[in-house]
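This is what each chain is made of:
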There are 2 protein chains.
Amino acid sequence: MRIALAQTNPIVGDVVGNTGRIIDLISQARQAGAALVAFPELSVVGYPPRDLLLKPRFVKANVEAVHRIAESCVGIAALVGFVEPNAEPVGRELRNAAAYCTGGQVQAVRYKSLLPTYDVFDERRYFEPGPEVTLVKHAGTDVGVSICEDLWNDKQVVGRQIYTRDPVGQLAAAGVKVLINMSASPFEQDKHAFRVRLFGDQARRHRAAILFVNQVGGNDELVFDGASTAFDERGSVIAQGRPFEEDLLLVDLETPSANRVEAYPSSVASVHDALALGTRDYVRKCGFKRVLLGLSGGVDSAVTAAIAAAALGPEAVTGVAMPSRYSSDHSRSDAEVLARNLGIDFRTIPIAPIHESFEKYLQPHFAGRPADITEENVQARIRGALLMAMSNKFGWLVLTTGNKSELAVGYCTLYGDMCGGLAVIADVPKMMVYELARHINQRAGREIIPPGTLTKAPSAELRPDQTDQDSLPPYELLDQVLDLYIRQEKGPEEIVAAGFDAQAVQKIVRLVDTSEYKRKQAALGLKVTSRAFGVGRRMPIAARFRY
Amino acid sequence: MRIALAQTNPIVGDVVGNTGRIIDLISQARQAGAALVAFPELSVVGYPPRDLLLKPRFVKANVEAVHRIAESCVGIAALVGFVEPNAEPVGRELRNAAAYCTGGQVQAVRYKSLLPTYDVFDERRYFEPGPEVTLVKHAGTDVGVSICEDLWNDKQVVGRQIYTRDPVGQLAAAGVKVLINMSASPFEQDKHAFRVRLFGDQARRHRAAILFVNQVGGNDELVFDGASTAFDERGSVIAQGRPFEEDLLLVDLETPSANRVEAYPSSVASVHDALALGTRDYVRKCGFKRVLLGLSGGVDSAVTAAIAAAALGPEAVTGVAMPSRYSSDHSRSDAEVLARNLGIDFRTIPIAPIHESFEKYLQPHFAGRPADITEENVQARIRGALLMAMSNKFGWLVLTTGNKSELAVGYCTLYGDMCGGLAVIADVPKMMVYELARHINQRAGREIIPPGTLTKAPSAELRPDQTDQDSLPPYELLDQVLDLYIRQEKGPEEIVAAGFDAQAVQKIVRLVDTSEYKRKQAALGLKVTSRAFGVGRRMPIAARFRY
C-alpha cells in the first residue's frame, strides 16, 4: 500500500485557500499512485485556530469545505483534519476531527481523544474528546486514525499519565496494522529526535506501522517543522519528509527502500531554520513584503538581521543604525559591515539631537534628580519611535531583536527596543545567540557577522562605558540559572544547592519575577524551546510569590 | 446555625499574607458566634494563580498553610479553598479543593467537579476534576461543599450543558440542607443579578439554603465584586455582603431578620466601582503608590483620571497635558479644569519642539512622501515616551486611557497612547464612557468633568481639525456593531440583516480583524463585560478569516 503524507502550510482561518491546496495535493497524490493521502491535524482551518472556533460561521465554512474536499476524492482516499460540531446534546460544542473521504464522500469521521491543556495548548477550551476509538477499513487494511496528542501518551516514554484514556492502546488491541497520526506538533529544539523515539517505540510495541504527518510553517509564535515520518512495525524509520518545507511524502509500506528519508538538521541549524521559517511566514501571512530592524553592532541584531535576510531575501530587509552620544565607533562600523555582508539596505539616523530635545523639556520636571535608567530608556524609546515611523511610512514590519535572557530579566526597554511586530530571537538565550551567529558564519563559509560583534563585551551603549555585566551576572551563569528557574521550575534553594552563587540566584529570580509586566506587552516571539514566554507561560503580574 | 462568609481580598501568590488574613478572620468569626466560616475558592493562594501552580514549592507552601490554618480552627469550623496535589497516579497533578477544618485539623477535603475552560478560565490546564461528591456532616447538619462553577450548571437557567456531571444535583439527591459555594466569580456588568437568579432558582428547586461566598478585589484584569449572598430554601436572599470591599458576613439561618443585606450598586455605578477597585488593587498589589496619566481634555482621560482619584485619592494622581501644535485651546483648558476639579497634580509638557526634532531627522528618509498617519503616530509616541520618562524617574505607574471601542478598531497608537501598565477603561465602550462621566458628575453633585469634555466632538487632535468621525462611524453605531461582532460573535451578514449599514459593518469588521497585533501588546485592561480583550479572547494574528 502506498500512502502519501501531505505536510501542508496552512494560513490559520483561510478555509478557502487551505482547501484549494488540499484538493491540489489530493490530485498530486493520486497521480503519484497513492491509495490514501493524509493531511495534518485541523488542516482545513490551520493550527491553532484559537478563538476563531467560537465563530459559528467559521465552523460552518470549514464543514462545507470538507464536503468539497471529499468530492475530489475519487480514485483515492484522503484523511483531512477539520472541526466538527458535537452532535451530542451535552459537552463542549466542537470536536477535533478527521474525515476519511473516498468515493466522493465523507465515509467516516474519527476524533481526537486526548486534548492537551498544557503549555501553548487550550484544546479543552473548544473541544469535547471523541467517543471510543474504532478502526477504519481502508482497502482491506485495518487503519487506525489518531490525532497528535493521542500518540504522546506512551507509558513507557513519557512521565506522569495525565489522561485516563489510551486510544492508541485500544486501536492496537483492535488489531491496527497502519496507524496514521495527523499532527500539528510545534517545533522545539531537539524535539524531533524525541518524536522518533516515542513513535518508533509504539510502532514496535504495537507491531503496527506508524505514519506521522505534521503541519509545516509558522503560525504566530509557533513554528511547525514538518518532517513527517513513517515507521515500520519494528519501529524503524522508513520515510521522512522535508523539515521546514511543504512536502508530499510517498510512503511505500511494502518496498520501503523506494521511500525518501530526508535529513533533519543539527540542533543549532534546526533552530536557525525554525526562526527563518517563522519569520518568513509571519511576515507573509500578515501581508507584509519587507521588514526593518535596528542594527546596534551587537550580536542580537546581527543574528536577527541574518535570519531575516535568510527568510525573506536581503532585498527585503532594511537595517537602521541609530547611534547615540554613547555609541562607540566599532559599533557603528560593525553594523555597517554586517549590512554590507548581508547585502541589505542600510540607513543611519542619529538620535542625539532628539535626545537633547527630550532632555530640555523634561529637565524642568526632573529638577534636582540625578541621571538614572530614565535617560537610558528615553534613548531606547526614541529609537523605537524612529523605527515605527519608518514602518508607518513605508508599510514595513519592525523586527525586535531582544533575546530570551534579556526578556527574562527585563533588561530591555518597553516601547523602546521592545518595539516591533515580531521578536525573532525572543526564545533564544544569549549563549545560543552566539551559537547561532557562529552557525550563520560557518554555513556561509565566510564572516557574515563581523568578528568584533562576536568578541566584544555585550553593551546597550546607553551611558558611557556601559556593559551588560554592570547590571547582570555573566551570561554563561545567567542562562544556566534561567533554564533551571524558568524551564525546569526549580526554586532558588534548589538552584543554589546545584552549585550556583546564592546572591546571583536571588537577584536573577527577583528580576524574572518583577518583569512580568514587560513581557505582558512584548512582541510575539517565535517559540523554539519547551518553555517560551508567550501563550505557553501564563503568569500573574500583581502577584507576590517569591522563592 | 450561624455561618460566616469571609470575602477576602487575597494577593495572588502571597501564601503567607493570605494565610494570616484567613486566620485573623477565623478568629473574628468565632468571636461573632459563628459555628462555621467559609472562604472563597483558592483563598490561600488567591484567584487566579495561573502558572504559579506549576511551581512545586508553591503548591507545597499552600498545603503547609492549610495545616497552619486548621490549627487555628478550635471552637469553630472553617472551609478554606486551596490547591491539593492529586493523590491518584493518573490525571493532572492538582485539584481545586476545599479543606473542612475543625478541632485543629483538616477533617475532610472536597473538590471542584466542574472545571471551566472558557473565557478567562483555564482550569483544565492545572486541575483534575474531583471524584464523586459527598456531604460533610457539620454539627449534625448535612452540608454540601461546591466550588464556583459547580453551581453554574443549572439546566433550567444556563444554555448548553457542557459538563456531563451534575455535582449540585447529586448533593441535593443526598439530602443537602445547606449548600456552600466557595467562589472567585469575576465581576461583569449586570452579572450579580444573574447570579441571584441562578442561585436562588437552585435553592428553591433543591430545597436547600445556598451560601455563596465570593472573593473580592482586583487581580490583574479581573475584578471580583464580593457581594457574597445567602439564600433560604425558598430561594429568597436572606443576607448579602458588601460589594467591592472585604467583608465578614454573618448569616443566621434560623432568624434571617438579623442578617445584613447590603445593597448592590446600579449598573453604571457597579462598573465605576469595579474599575476603581481594579485600579486600586493593581497599583497597590504591584507595589506602586502613585499614578500618572496624560490628560487630553477628552472624555476618556477625564473618566480615567476621575476613577484613579476615586481609587487612590487625588494626592496620588498626576495629570500631564502634552499639547501639540494641533491642540485646541479648549482641550488645554478642559484638562486643567478637570485636574483642578479633581484636586490632582497637573503638569504641562509641550511636544511641538520634540516633534520638530523628529521631523528634521526623519525628513531625509521620507523625502517626497506626503504626510500621513506616520506624523500623527510620532506625536502620540512622544507623549508616551514623556509619560514613561516621568514614570521611570519617579516610580509612578502610567495609566492608559483608551476605551474599548478604540482598542477594537485599532484607533490608538502602539507605543504611543497605548503606553502604560494598566488600561483602566479598555473594556468600556465609548458610549459607556460618557455614561460613566455623567455618573461621576452626578455622584459628586457637581461638574467634575467639564461640560465641554462631554459635548465636544471626540478628536485625537493629531492633525488640523481632526475628529474621530473622519475615520470611524459614529460611536452610537460603532458600539452596537462591535457588541454584535465581538461579544455576540455575529457575522457581518447577520449584523447587516439586523439593520446596520453594510459598508459601515464591513469596515468595522475589517478594522477589528486587522488590529489583533495592537491588542497583543496592549496594557492589561480591567474586564467589566462578558467578552473583554485580554486573556478571555484569544485570537490568532497572522490569520485570514474574514466574514
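Residues numbered from 1 in each chain as written. Chains lettered and ligands numbered in written order. Predicted model: local features only at pLDDT ≥ 70, side-chain atom pairs only at ≥ 80, totals over all residues. Heavy atoms only, no water.

Asker: Any details on the overall build of chain A? Residues and values, ideally.
Answerer: Helix and strand content of chain A: 16 helices and 20 strands. Here the C-alpha radius of gyration of chain A, 25 Å, is about what a compact globule of 547 residues would show, namely 24 Å. Its C-alpha atoms give chain A principal-axis dimensions of about 85 × 50 × 45 Å. In chain A, buried positions account for 66% of the 547 residues. Across chain A, every contact between residues at least 6 apart in sequence was considered, and the portion connecting residues at least 24 apart equals 73%. Split by element, the accessible area of chain A, about 18600 Å² in all, is 52% carbon and sulfur. Charge-centre separation for chain A: the mean point of 62 positive side chains lies 3 Å from the mean point of 64 negative side chains. (Helix = DSSP H or I, 4+ residues; strand = E, 2+ residues; numbered from the N terminus. Rg over C-alpha atoms; globule rule 2.2 N^0.38 Å. Buried < 20%, exposed > 50% of the residue type's maximum accessible area, 1.4 Å probe, protein only. Contact = heavy atoms within 4.5 Å. Areas by Shrake-Rupley, 256 points an atom, 1.4 Å probe, with all protein chains shown as cover. Lys, Arg positive; Asp, Glu negative; His and termini not counted. Charge placed at Lys NZ, Arg CZ, Asp CG, Glu CD.)

Asker: Help me get a handle on helix α11 (residues 430-444) of chain A, residues and values and all.
Answerer: All names here are of chain A. With 15 residues, α11 should reach 21 Å at 1.5 Å per residue; the first-to-last C-alpha distance of 21 Å fits that figure. Taken as a whole, α11 has its buried residues at Lys430, Met432, Val433, Tyr434, Leu436, Ala437, His439, Ile440 and Asn441. Tucked into the core, α11 has its buried residues touching α5 (267-285), α6 (299-312), α10 (404-409), α12 (451-455) and α13 (475-487). Within two residues after α11, glycine 445 carries a phi angle of roughly 70°, on the positive side. (Expected span 1.5 Å × (residues − 1).)

Asker: With reference to specific residues and values, describe the side chain of Asn377(B).
Answerer: Relative to the helices and strands, Asn377(B) is located in helix α9 (residues 373-394). Classification of Asn377(B) as buried rests on a relative accessible area of 10%. There is a polar contact of 2.7 Å between the side chain of Asn377(B) and the side chain of Asn392(A). Residues contacting Asn377(B), with those up to four places away along its chain left out, are Asn392(A) and Thr413(B). (Polar contact = N/O pair within 3.5 Å; in protein donor to acceptor, adjacent residues only side chain to side chain.)

Asker: Give me the packing of aromatic side chains: which residues, what numbers.
Answerer: Residues and elements named next belong to chain A. Under the definition given, this model contains 26 aromatic pairs over all chains. Ring geometry for phenylalanine 199 versus phenylalanine 212: centroids 4.9 Å apart, planes at 55°, classification tilted. Residue phenylalanine 199 is found in helix α4 (residues 191-206), and its partner phenylalanine 212 is found in strand β9 (residues 209-214); the two are separated by 13 residues along the sequence. Residue phenylalanine 199 is classed as buried on the basis of its relative accessible area of 1%. (Phe/Tyr/Trp six-rings, centres within 6.5 Å; stacked < 30°, edge-to-face > 60°.)

Asker: I'd love a proper account of the relation of the copies chain A and chain B, names of residues and values included.
Answerer: Of the transformation placing chain A onto chain B, the axial shift is 0.0 Å and the rotation is 180°, giving an RMSD of 0.0 Å. Here the symmetry operator amounts to a two-fold rotation axis. Closest to the rotation axis within chain A is the C-alpha of Gln521(A), separated from it by 2.1 Å. (Least-squares fit on C-alpha atoms with pLDDT ≥ 70 in both.)

Asker: Which residues make up the pattern of salt bridges, and what values go with them?
Answerer: Residue and element names in this part refer to chain A. With the rule as written, the count across this model stands at 82 salt bridges over all chains. In this structure, aspartate 300 and lysine 430 form a salt bridge, with 3.1 Å as the shortest nitrogen-oxygen distance. Residue aspartate 300 is located in helix α6, and its partner lysine 430 is located in helix α11; the two are separated by 130 residues in the primary sequence. A relative accessible area of 10% places aspartate 300 in the buried class. By relative accessible area, lysine 430 is classed as buried at 3%. (Salt bridge = Lys/Arg side-chain N within 4 Å of Asp/Glu carboxyl O.)

Asker: Break down the interface of chain A and chain B for me, with residues and values.
Answerer: On the chain B side, the residues contacting the 98 residues of chain A number 98 residues. In total, chain A and chain B occlude about 8700 Å² of area from one another, counting both sides; carbon and sulfur atoms represent 57% of this. For chain A, the biggest contributors to the area lost against chain B are Arg160(A), Lys393(A) and Phe545(A); these three give 9% of the whole. At the junction of chain A with chain B, the criterion picks out 12 salt bridges. For the salt bridge of Arg538(A) with Asp122(B), the shortest nitrogen-to-oxygen distance reads 3.1 Å. At the surface where chain A touches chain B, the tally comes to 47 residue pairs in polar contact (both at pLDDT 80 or more). Mapped onto the side of chain A that touches chain B, the elements with two or more residues apiece are α2 (56-71), α5, β17 (345-348), α8 (352-366), α9 (373-394) and α16 (516-520) of chain A. Here the side of chain A that touches chain B gets 14 residues from one element, more than from any other, and that element is α9(A). (Buried area = accessible area lost by both parts, 1.4 Å probe.)

Asker: Quick rundown of the sheet that holds strand β8 (residues 178-183) of chain A? Include the residues and the values.
Answerer: Residue and element names in this part refer to chain A. Taken together, the six strands give an open sheet; going across it, the order is β6-β7-β8-β9-β12-β13, and neighbouring strands pair in mixed fashion. Only two strands of the sheet have a single neighbouring strand rather than two, namely β6 (136-138) and β13 (237-240). Here the strands of the sheet are splayed against their neighbours by 25° on average, with no regard to which way each runs. Pairing analysis gives six bridges linking β8 to β9, with the strands arranged parallel. Bridged to methionine 182 within β9 is valine 213. (Pairing = 2+ DSSP bridges. Axes fitted to C-alpha atoms, helices over the stretch in contact; angles between N-to-C directions.)

Asker: Tell me about the nonpolar core, and name the residues and values.
Answerer: Judged by nonpolar contacts, the single largest core of 98 residues is most densely connected at Phe358(A), Leu386(A), Val409(A), Phe358(B), Leu386(B) and Val409(B). Filtering out sequence-adjacent residues up to four positions away, Leu386(A) remains in contact with Met322(A), Ile349(A), Ile351(A), Ile354(A), Phe358(B) and Leu362(B). (Core = buried A, V, L, I, M, F, W, Y, C linked by side-chain atoms within 4.5 Å.)

Asker: Lay out unusual backbone geometry in plain terms, naming residues and giving numbers.
Answerer: Going from Tyr47(A) to Pro48(A), the amide bond is cis rather than trans, its omega being 0°. Unlike most non-glycine residues, Arg207(B) shows phi in positive territory, near 50°. Its identity as a non-glycine residue notwithstanding, Glu489(B) has a phi of 55°, on the positive side. Mapped onto the secondary structure, Glu489(B) falls in the loop between α13 (475-487) and α14 (492-497). Exposure remark for Glu489(B): the relative accessible area of 10% places this residue in the buried category.

Asker: An account of the environment of Gln156(B) is needed here, citing residue identities and associated values.
Answerer: Residues and elements named next belong to chain B. Among the secondary structure elements, glutamine 156 is positioned in the loop between β7 (141-147) and α3 (167-173). Owing to a relative accessible area of 55%, glutamine 156 belongs among the exposed residues under this scheme. Residues glutamine 156 and threonine 255, 99 residues apart in the sequence, show an inter-C-alpha distance of 30 Å. For glutamine 156, the contacting residues outside a window of four places in its chain are Asp201 and Arg205.

Asker: Outline the sheet that holds strand β18 (residues 397-400) of chain A, listing residues and values.
Answerer: All names here are of chain A. Spatially, six strands are ordered β17-β16-β15-β18-β19-β20 in an open sheet, and the strand pairing comes out parallel. Both edges of this open sheet fall to β17 and β20 (524-525), since each of them pairs with a single strand only. Sheet topology note: the β18/strand β19 (residues 422-423) ladder contains two bridges and is parallel. Note on β19: the bridge partner recorded for threonine 400 is alanine 423.

Asker: Quick rundown of the pairing of strand β3 (residues 77-85) of chain A? Include the residues and the values.
Answerer: Residues and elements named next belong to chain A. Where burial is concerned, most of β3 is hidden: eight out of the nine residues are buried. Where strand β2 (residues 36-38) meets β3, three bridges bridge the pair, whose relative direction is parallel. Along β3, the bridge assignment pairs alanine 38 with leucine 79.

Asker: Describe helix α7 (residues 329-342) of chain A, with residues and values.
Answerer: Residue and element names in this part refer to chain A. Relative to the 20 Å expected for 14 residues at 1.5 Å per residue, α7 spans 20 Å between its end C-alpha atoms, a close match to the ideal helical length. Those residues of α7 that sit buried are Ser331, Asp334, Ala335, Leu338, Ala339, Asn341 and Leu342. End-on view of α7: buried residues confined to an arc of 165°, all on one side of the axis. The outward face of α7, more than 90 degrees from its buried face, is lined by the exposed residues Asp329 and Arg340. Buried residues along α7 sit in contact with α6, β17 and α12. Positive backbone phi, at 75°, marks glycine 343, one or two positions downstream of α7. (Arc of directions from axis to C-beta.)

Asker: Residues and numbers for the state of the cysteines, please.
Answerer: The full count for this structure, using the stated rule, is zero disulfides over all chains. With no disulfide of its own, Cys419(A) lies 8.0 Å from the sulfur of Cys419(B), the closest cysteine sulfur. Here Cys101(B) is not disulfide-linked; the sulfur of Cys73(B) is the nearest cysteine sulfur, at 4.8 Å. On the basis of relative accessibility, which here comes to 0%, the residue Cys101(B) falls in the buried class. (Disulfide = S-S within 2.5 Å.)

Asker: Talk me through the packing of helix α6 (residues 299-312) of chain B against helix α11 (residues 430-444) of chain B; I want residue IDs and the actual numbers.
Answerer: Residues and elements named next belong to chain B. Where α6 contacts α11, the axes come no closer than 10 Å and their chain directions differ by 50°. By the angle between their axes, α6 is oblique relative to α11. Considering only the axes of α6 and α11, their crossing is left-handed. Only Lys430, Val433, Tyr434, Leu436, Ala437 and Ile440 of α11 make contact with α6, whose side of the interface consists of Val299, Asp300, Val303 and Ala306. (Parallel < 35°, antiparallel > 145°, perpendicular 65-115°, else oblique. Left-handed = near helix turned anticlockwise from the far one by under 90°.)

Asker: Report on the pairing of strand β3 (residues 77-85) of chain B, specifying residues and quantitative values.
Answerer: Bridge count for β3(B) against strand β4 (residues 94-102) of chain B is eight bridges, and the pairing is antiparallel. Bridge pairing in β4(B) links Gly81(B) to Ala98(B).

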